[in-house]
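Examination of the molecular architecture
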Amino acid sequence: MRSWKWWKLVGLAGIVGVAATGVVVARAERRRRAYTPEQIRSRLHERYAEAVGPASGSSGSGATGGSGGSD
């Protein structure tokens, strides 16, 4: 009979853990949705420019004159 109490506590702890995880995920989702589409779009453009910028600048700067064109 006492073993049932332990299993009930373990099951209850598991349910509480799942509920707590759901709360954390819901909060993160609300923070993510707090951004406007324009903010998301601009941030994606910034991240894309950072990712592509150095790669294209080092391989194509001599052929296109990328660094000399701003003078």
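Right above here is the structure, for reference.
So, here is what we can say about the structure in this document. Throughout this description, residue numbers start from 1 for each chain and increase along the sequence as written. Local features in this predicted model are restricted to residues whose pLDDT is 70 or higher, and side-chain atom pairs enter the listing and the counts only when it is 80 or higher, whereas totals over whole chains, interfaces and linings include all residues. Each side-chain value is derived from all of the structure's non-hydrogen atoms; neither hydrogens nor water enter the calculation.

1. Side note on the overall build of the chain
Helix and strand labels come from DSSP, where a helix needs a run of H or I of at least four residues and a strand needs a run of E of at least two; each type is numbered from the N terminus. Regarding its fold elements, the chain presents two helices and zero strands. Working note: accessible area of the chain is about 6,600 Å², and carbon and sulfur atoms make up 63% of it. We get accessible surface area from the Shrake-Rupley algorithm with a probe of 1.4 Å; when it comes to residues, only the shown protein chains can shield them.

2. A few points about a nonpolar patch on the surface
Each patch is built from residues lacking any salt bridge and having more than 30% relative accessible area; the joining distance is 9 Å for like charges and 5 Å for nonpolar side chains (Val, Leu, Ile, Met, Phe, Trp, Tyr). When a carboxyl oxygen of Asp or Glu lies within 4 Å of a side-chain nitrogen of Lys or Arg, that pair is called a salt bridge. Judged by side-chain polarity, Trp6, Leu9, Leu12 and Val16 come together as a nonpolar surface patch covering roughly 460 Å² of accessible area. Tracing the chain through its elements places Trp6 in helix α1 (residues 2-33). By relative accessible area, which is 60% here, Trp6 ends up exposed. Partly exposed residues are those whose accessible area sits between 20% and 50% of the maximum for their type, while under 20% is buried and over 50% is exposed, using a 1.4 Å probe and protein chains only.

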